Structure formats: C-alpha cells, structure tokens
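Here's the letter readout for the chains.
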Amino acid sequence: MPFSTPARACGIDFGTSNSTVGWLRPDAETLIELEDGKITLPSVVFFNLEERRPVYGRLALQEYLEGYEGRLMRSLKSLLGSKLLKSETTVLGSALPFKDLLGFFIGELKNRAEAVADRPFEEVVLGRPVFFVDDDPVADLEAQNTLVAVAHKLGFKDVSFQYEPIAAAFDYESGIAREELVLIVDIGGGTSDFSLVRLSPQRRSLAERHDDILATGGVHIGGTDFDKQLSLQGVMPLFGYGSRMKSAAPMPTSTHLNLATWHTINAVYSAQ
Ligand SMILES: Nc1ncnc2c1ncn2[C@@H]1O[C@H](COP(=O)(O)OP(=O)(O)OP(=O)(O)O)[C@@H](O)[C@H]1O
Ligand SMILES: [Mg+2]
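Residues numbered from 1 in each chain as written. Chains lettered and ligands numbered in written order. Predicted model: local features only at pLDDT ≥ 70, side-chain atom pairs only at ≥ 80, totals over all residues. Heavy atoms only, no water.

1. Concerning the domain arrangement of the chain
Our working rule: Segmentation of the chain into domains, including their bounds, is taken from an automatic or database domain assignment. Residues are treated as being in contact if the distance between any of their heavy atoms lies within 4.5 Å. Buried area: the accessible area, evaluated with a 1.4 Å probe, that two parts lose upon being put together, summed over both parts. The term salt bridge refers to a pairing of a side-chain nitrogen on Lys or Arg with a carboxyl oxygen on Asp or Glu at a separation within 4 Å. Residues adjacent in sequence count toward polar contacts only when both atoms are side-chain atoms; beyond that, a polar contact is any pair of N or O atoms within 3.5 Å, and within protein one must be able to donate a hydrogen and the other to accept it. Ten residue types, Ala, Val, Leu, Ile, Met, Phe, Trp, Tyr, Cys and Pro, are classed as nonpolar, four, Asp, Glu, Lys and Arg, as charged, and the remainder, Gly among them, as polar.
Here the chain is partitioned into domain 1 (10-176) and domain 2 (235-272). Each of domain 1 and domain 2 has a C-alpha centre, and the two are 29 Å apart. Facing twelve residues of domain 1, the contacting portion of domain 2 comprises six residues. When the two sides are added together, the surface that domain 1 and domain 2 hide from each other amounts to roughly 820 Å², 63% of it contributed by carbon and sulfur. It is Arg71, Arg74 and Leu84 in domain 1 that bury the most area against domain 2; as a group they hold 50% of the surface buried on that side. Joining domain 1 to domain 2, the criterion identifies zero salt bridges. Inspection of the domain 1/domain 2 interface yields one residue pair in polar contact (both at pLDDT 80 or more). Partitioning the side of domain 1 that touches domain 2 into residue classes produces five nonpolar, five polar and two charged.

Next comes the structure, spelled out in structure tokens:
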C-alpha cells in the first residue's frame, strides 16, 4: 500500500463471536492486540455480581466458568435489528438499555485500541454484514443507524461502513500477484456473507472500487445457530422443551427458544 503516514481512522470489526480493531500504519501490523497479546477480543460481556463490574472477552468467559455469580452476554451484535434493542434489561440492580450494552462493548474495543496505539481515534470504519436483517430494508437501516448512534456517543465523530466480505476481499488482495476474480465467503457467528470481487495488485490503491464489486449477498445464518440447535436438542428437553403439560396441551416453547439463543437469553431475565 502506498502510504507513509498512519491512517487517521481505525477500523472496527464488531463481530457476533469475535471482534478486532485495525489501524493502518507504515511498517507495523494492522491488527491491534486487544487481549493478552491476541488480536481478537471475544464479543462477550460478563457482569460480575460479586465484584459489581463488567468484564470483557476471554476474561469474561473465564470468570463465568470459574463460577462467579453474574450475567454472561454473548452475540451482542444480534441485538442489532432485533426487537430487544428498544428495551432494557436489569443488570446489577439497575435498568440497562441494550443500546448501552452495545456501547459498553464497542467502547471497550475503542479504549483498548487507543491504549495500544497511544492516541485517540475520532474516525472509524465499522464493518457491517451485507444484511443485519434478512428481507427487511427498514429494520436493516435501523440497525446501521443504531451503530452510528452508539459510535457517536463513544466519541467517534466520523463514522463510515464497509461490508465485511469486501473487507475480507481487500485483505486477500494484499497477497496476490496478478488479477483474480474471487468469490469471498465469510462464515461468521451470526451471518454468512458472500462477495464476487475483481482483485488485482494494480487496482489495490484505487480509492474507488465500486466497479470491481460484482456482487454481494448474505444470510442470517452462522456459528451461533449451531449453539442454538445444540441447546434445543441436548439441553432444553431436560427443562421440558417438547413435553406436555398436565392438561396434555403442548408445553409453550417461547421461553425455551429464548434460552437457547444467546442474545434472547436476556429477554428471560426478569424477576418473574
Ligand atoms: N477457535 C474456534 N473454534 C471453534 N469454532 C470457532 C472458532 N473460531 C470461530 N469459530 C466458529 O466460527 C464462528 C464464526 O466466528 P467469527 O469470529 O468469524 O465470527 P464473527 O466475525 O464474530 O461473526 P459475524 O461476522 O457473523 O458477526 C463462531 O461462531 C464459531 O462457531
Ligand atoms: Mg465476521
């Protein structure tokens, strides 16, 4: 890449399962180390009830598995475009809007990146799936607008977006020697995205690549659907899923379905 000064913006790939932050600089790795020398931060928040504080990433999972009392939250990105986003949940005794929860995690990414880079970031390029929501352009736009609002609140003044499979394509392009027509498949935790892109070392530095992106598409299927099926097949039957009530009527399934889906577990956390 023909550049001699560090980029002003950072790039954030806020993923359903894992997140990364990049900062393009001469003679340095782009991806910033976010936790224990690793370039990913698992997209996990654990509200530790005993110590009354949120923890993030691998440490969050570790504290949860060690048996600390608290709330484990994963697949926060799936809240974008869901009905839950307009509501709140009770954490450490107070109401926490889900929008603020997203802010906690993305703010943590920003803080960690700024600490390593030793500079503030006011400009950000956020990755986004081709569709946050399948077949619903209004909800999809709302999901993106929510991310913009969250980013502004965190102090990012300039916010732009890049499709995740296009970002993956450009990464692949940095290592090729001649023009290729490439089908990029990005299977994520929440969504799977596809792009057909013309890539070449010569075109790499062009600012406008619109004509090289021949097609993009995506579906709301990813690794966390596997978690959901495992839970529904293996765990929820032990809690009555698929059984009959005393009246012989089928057991209602909404609570089991919520419990088996990472981001809707939050919906089942009420005093009731
Ligand atoms: N080390 C691993 N071991 C087993 N499975 C993994 C591992 N890393 C990722 N996966 C699986 O791959 C899926 C996708 O991971 P990835 O980090 O690409 O998702 P993501 O970028 O966070 O999600 P999205 O792009 O949909 O927002 C995970 O949900 C998980 O099922
Ligand atoms: Mg991804």
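2. Observations concerning the pairing of strand 8 (residues 94-97)
Heads up, the condition is: Pairs of strands are assigned from DSSP output, requiring at least two bridges between the strands. The secondary structure listing takes helices from DSSP runs of H or I that are at least 4 residues long and strands from runs of E that are at least 2 residues long, numbered from the N terminus.
The sheet contact formed by strand 7 (residues 88-91) and strand 8 spans four bridges and is antiparallel. Bridging from a neighbouring strand, Thr90 pairs with Ala95 of strand 8.

3. Let's talk about unusual backbone geometry
Heads up, the rule is: Only protein chains enter the calculation, and the probe is 1.4 Å; a residue is then buried if its accessible area is under 20% of its type maximum, exposed if over 50%, and partly exposed in between.
A positive phi angle is found at Asp27, which is not glycine, with a value near 55°. Structurally, the position occupied by Asp27 is in the loop between strand 2 (18-22) and strand 3 (41-42). Given the relative accessible area of 85%, Asp27 is considered exposed.

4. Considerations on the sheet that holds strand 5 (residues 53-56)
Selection criterion: For helices, the axis comes from a line fit to the C-alpha atoms of the stretch in contact; other axes are also lines fit to C-alpha atoms, and the angle between any two N-to-C directions lies between 0 and 180 degrees.
Reading across the sheet, the three strands line up as 5-4-6 and stay open at both edges, with antiparallel pairing between neighbours. At either end of the open sheet lies a strand with only one pairing partner, and these are strand 5 and strand 6 (70-74). Taken over all neighbouring pairs, the strand axes of this sheet differ in orientation by 20° on average, direction set aside. Bridge analysis of strand 4 (residues 44-48) against strand 6 gives five bridges, and the strand direction is antiparallel. For Phe46, the partnering residue across the bridge sits in strand 6 and is Leu72.

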